[in-house]
Amino acid sequence: MRLVSVAVPVPFLDPLTYSVPESFPRLPPVGARVRVPVGKRAVVGCVVGHDAALDIGTTARDVVAVFDEEPYLPPAIVELCGWVADYYMAGYGDAVAAAMPPGSRRDDASKTQRIVAATAHGLETVRLKPDSTTSPRRSGDTLTPKQRGVLEMLASAAPGLPASVLRDRGVTADVIRRLAARGLVAIRDERDERDPFERAGMAVTRDVERRLTAEQEAALNTLAGLADSGGFKVALLHGVTGSGKTEIYLRLAERVCAAGRQALLMVPEIALTPSVSALFRSAFGTRVAIQHSALSDGERHDQWQRIRSGKVDVVIGTRSAVFAPLTNPGLVIVDEEHDSSYKQEESPRYHGRDVAIVRARTASALVVLGSATPSMESYQNAATGKYVLVTLERRVMDRPLATVSLVNMREEYAEDGPDVVISRPLAAAIQQRLDRQEQVLVLLNRRGYATAVFCRQCGDTFECPNCAVSLTVHRRSTSSRRPELVEGRARGGWRGRCHYCNYSLDVPKACRKCAAPYLEHAGFGTEKIEQQVRERFPQARVARVDRDSVRRKGSLTSLLSRFAAGELDVLVGTQMIAKGHDFPRVTLVGVISADVGLGLADFRAAERTFQLLTQVAGRAGRGEQTGEAIVQTLYPGHYSIQLACRQDYSGFFDKEIAYRRGMRYPPMVALVNAVVRGRTFDEAMRAASEIVRRLEPMAGRVSCLVLGPAPAPLGRLRGEHRVQFFLKGTKRAEMRAALKDVLAAMPEVRRHVTVDVDPLNVL
Ligand code: ADP
Ligand code: ZN
């Protein structure tokens, strides 16, 4: 019997074994997609292995359909998925799903596969339309056999069937045109994908003559030497903001590609680093694939095919690009490696940086982790010699770092009352920049207008009915669907919204409980800052950048390009405005509440605060004029704020690592977090206690601590109660194995447990 092991899209499930009937001439290779039965359903899975034998007494069900004769996912990626599934305790199927391009796994492939074929004109492409009305099954009886044949051909083959294949199989342009006329396929121009930033007028042409600074030169030499050796290495490029790391990435990528290998560049968010994409585009032309958020599923899919077929030398993308199907990567760069957006907060809960390192290890590639504020984990690895440390201490052209000054908000309150949001020194500095026609960034890492509403008479508050949080207050008219109102001149009305489950309601004029008309706002977020900036500086052109304001695709890019073009004076925003930008006309950065993150019961709070402040201060003074940052805080003495002001990374690292060592926190130990969900608190607590009871003897053997169970900080989420516990120890593999064994013996409970290995956010 011929047996294959198949990863199926069912949570937590290990691969299942199926038998391949004689009617399939070839054994589907590892990486091929197959349709297999699971229970009463048929699903599309991926072959991950060839099984030699089965336990006596079990019988394997048959594979129903084989989609690919050649591996669809390259075997190296299948192997990487296996690692992700194992390490992060996710299902193999979940990991494979993360690696597949969109649309490649839907069960009714004919409905969703988008296949491109050139028509007679050669310039146009034909796509199978993805909506359900195009299902050949529904319209099947009215199609000619030829038309049906084309749809079936497109549907059952791997997507990206080249035009020549269709032609070879006797499909005429006429047939395709008729299908298009019926709305079953769409015809469009096939051009090389264009850079969205180029359209937005943000193109960067490469200055080939540019001389590297001595520091850049030395760093590049070290890294090039590591790359040339052709083996697996990890380097940490610690370069202050504005030290010219991007130029080093580019030259390194050119070198690796010249040697016949490929480069992968991971960034936290493409739209936030447009100059990186533009620079690579100008150097590599169409040999670079950029996975920006403005791409549709279909475009993403096409790009995946281009990478898969070897037409691409450089891939630039976010977290999921770590699974890009490059055949021989020689260089993997993780820019802003400290950024928490590399961690996926749903299954598989992987960290893109860590998976990148594993990917590079199997490919014998060089990893470059770049940051001005490396994570404690990475810097510790450099300090102990596990990674090669490469440092850039100065900005290019010897530009000075921004000067940072603190404003103690307690003094402002004493002077100006408790409602002050923009302090006098910050207001004066903004006015000065407006007068000089320079630009300003204002950061507040909290969305919305106010953080809560309460009744002054009876104290009633507006909580989410599903989650244990109060509703955030937004201006009702700040709707992304009505961009004319986003600019802030809102007509009255408030909307309370839960940032976890999206529940929302209109905030009434009077209290729901006591009818008193005294509803008040507490706290403030970016919407209020935007309003205040507009009121105090009516001549300023102001825009806001946060997840609410950029919900529409492309709106972030367009806001940033307007700012870059000088059409805006002030950008108010969340941490989105702190990342990676290079706006030479920004000479002032204001931080409204530096301590937003410090109140959280999270051992990484100081690290996050330090990173955010250092990064945002690093946005100022990147051009000719010197930059200044003004940081408002209630805790001017806190070490993360003090050291961020001095932009003293190593001072911060020394202090923070001592704290982590003392408290036995990562990176000194490993953590595994498990959240158990239940309909009632007692139900969740009972299940968690039972897991912990079974874990304890095993944990003792690998000398790891089990902490908890205890109510999770977010005690209720989407209607479910949450109880959590932690494993803390140094033997990560044994800790994972112990938890896995315990959970495997409790399948009913398992479905209500979320495991997070190396958690970043614990809520
Ligand atoms: P980082 O990523 O380290 O913060 P960037 O790569 O964004 O810094 O570079 C900062 C600025 O300096 C960019 O505008 C870049 O074009 C410019 N730059 C980089 N290298 C040089 C150089 N050797 N000479 C002149 N300008 C440079
Ligand atoms: Zn909610």
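Which residues make up the coordination of the zinc ion (ligand 2), and what are the values?
Here the zinc ion (ligand 2) is held by the protein donor atoms Cys-464 (SG), Cys-467 (SG), Cys-498 (SG) and Cys-501 (SG), which lie 2.2 to 2.3 Å from it. Considering all four donor atoms around the zinc ion (ligand 2), the spread of angles at the metal, 100 to 113°, places the coordination shape in the tetrahedral class. Here the donor residues of the zinc ion (ligand 2) share one chain and are spaced in sequence as C-x2-C-x30-C-x2-C. Of the two residues, Cys-467 sits in the loop between strand 19 (452-455) and strand 20 (472-475) while Cys-498 sits in the loop between strand 21 (494-497) and strand 22 (504-506), which places them 31 residues apart along the sequence.

For the pattern of salt bridges, give the residues involved together with the corresponding values.
Counted by the stated rule, this structure contains 38 salt bridges. As a salt-bridge pair, Glu-683 and Arg-679 come within 3.1 Å of each other at their nearest N and O atoms. Residue classification places Glu-683 among the partly exposed residues on the basis of a relative accessible area of 28%. Here Arg-679 falls in the exposed class, since its relative accessible area comes to 67%. The residue Glu-690 makes a salt bridge to Arg-693 at a minimum N-O spacing of 2.9 Å.

Residue-level account of the sheet that holds strand 17 (residues 403-408), with values.
Within the open sheet, the six strands sit side by side as 17-27-26-18-25-24. Their pairing is parallel. Pairing within the sheet leaves two strands with one partner each, and these edge strands are strand 17 and strand 24 (542-545). Strand-to-strand twist across the sheet, computed as the mean angle between neighbouring axes with direction ignored, equals 20°. Two strands pair when backbone bridges link them, and strand 24 and strand 25 (residues 570-573) are joined in this way by four bridges, in the parallel orientation. The residue bridging Val-542 from the neighbouring strand is Val-570, located in strand 25.

Hey, could you go over the packing of helix 1 (residues 75-87) against helix 2 (residues 92-99) for me, with residue numbers and the actual values?
At a closest axis distance of 8 Å, the pairing of helix 1 and helix 2 adopts a crossing angle of 130°. One element, helix 1, and the other, helix 2, form an angle in the oblique class. Helix-helix and strand crossings are classified by hand; for helix 1 and helix 2 the assignment is right-handed. Contacts from Ile-77, Val-78, Cys-81, Gly-82, Val-84 and Ala-85 of helix 1 reach helix 2 at Tyr-92, Ala-95, Val-96 and Ala-99. Counted by class, the contact of helix 1 with helix 2 contains nine nonpolar, one polar and no charged residues.

Break down the site of ligand 1 for me, with residues and values.
Near ligand 1, the surroundings consist of 16 residues, among which Arg-211, Gln-216, Gly-242, Thr-246 and Asp-582 are the closest. Between Gln-216 and ligand 1, the recorded distance is 2.8 Å, taken from a side-chain N or O atom to a nitrogen atom. Relative to its unbound accessible area of 560 Å², ligand 1 is 82% covered by the protein chains. Split by residue class, the shell around ligand 1 holds four nonpolar, seven polar and five charged.

Describe helix 14 (residues 376-383), and please don't skip the residues or the numbers.
Most of helix 14 sits out of view: six of its eight residues are buried. In this fold, the buried residues of helix 14 make contact with strand 10 (233-239), helix 13 (352-363), strand 15 (366-371), strand 16 (388-392), helix 20 (605-617) and helix 22 (649-663). After helix 14 finishes, the residue Gly-385 shows a positive phi value of roughly 85°.

Mind laying out the environment of Pro-400, listing which residues take part and the relevant values?
With respect to the helices and strands, the residue Pro-400 is situated in the loop between strand 16 and strand 17. Taking the C-alpha atoms as reference points, Pro-400 and Gly-242, separated by 158 residues in sequence, lie 9.6 Å from one another. Pro-400 has contacts with Arg-395, Gly-621 and Thr-626, leaving out every residue within four places of it along the chain.

An account of the packing of aromatic side chains is needed here, citing residue identities and associated values.
Here the structure, examined in full by the defined rule, presents 16 aromatic pairs. Centroid distance Phe-563 to Phe-583: 5.0 Å. Interplanar angle 90°. Geometry classified as edge-to-face. Of this pair, Phe-563 sits in helix 19 (residues 555-564) while Phe-583 is found in the loop between strand 25 and strand 26 (586-591), placing the two residues 20 residues apart along the sequence. Here Phe-563 matches Phe-583 in class, with each residue buried. Consider the rings of Tyr-659 and Tyr-665, whose centres lie 6.1 Å apart with planes at 50°: the pair is tilted. Accessibility expressed as a relative area gives 33% for Tyr-659, which makes it partly exposed.

Any chance you could break down the sheet that holds strand 22 for me, citing the residues and the numbers?
An order of 20-21-22 is seen for the three strands of this open sheet, with the pairing classed as antiparallel. Of all the strands in the sheet, the pair left with one neighbour each is strand 20 and strand 22. This sheet shows a mean twist of 30° between the axes of neighbouring strands, independent of strand direction. With three bridges connecting them, strand 21 and strand 22 associate as antiparallel partners. Across the sheet, the residue bridging to Gly-496 is Leu-505, located in strand 22.

Here is what the cut-offs are and how they apply
- Residues numbered from 1 in each chain as written.
- Chains lettered and ligands numbered in written order.
- Predicted model: local features only at pLDDT ≥ 70, side-chain atom pairs only at ≥ 80, totals over all residues.
- Heavy atoms only, no water.
- Donors = N, O, S within 2.8 Å, 3.2 Å for Na, K, Ca; no water.
- Tetrahedral: all angles 85-135°; square planar, octahedral: opposite > 155°, others 65-115°.
- Helix = DSSP H or I, 4+ residues; strand = E, 2+ residues; numbered from the N terminus.
- Salt bridge = Lys/Arg side-chain N within 4 Å of Asp/Glu carboxyl O.
- Buried < 20%, exposed > 50% of the residue type's maximum accessible area, 1.4 Å probe, protein only.
- Pairing = 2+ DSSP bridges.
- Axes fitted to C-alpha atoms, helices over the stretch in contact; angles between N-to-C directions.
- Parallel < 35°, antiparallel > 145°, perpendicular 65-115°, else oblique.
- Left-handed = near helix turned anticlockwise from the far one by under 90°.
- Contact = heavy atoms within 4.5 Å.
- Nonpolar A, V, L, I, M, F, W, Y, C, P; charged D, E, K, R; others polar.
- Near = heavy atom within 4 Å.
- Polar contact = N/O pair within 3.5 Å; in protein donor to acceptor, adjacent residues only side chain to side chain.
- Areas by Shrake-Rupley, 256 points an atom, 1.4 Å probe, with all protein chains shown as cover.
- Phe/Tyr/Trp six-rings, centres within 6.5 Å; stacked < 30°, edge-to-face > 60°.

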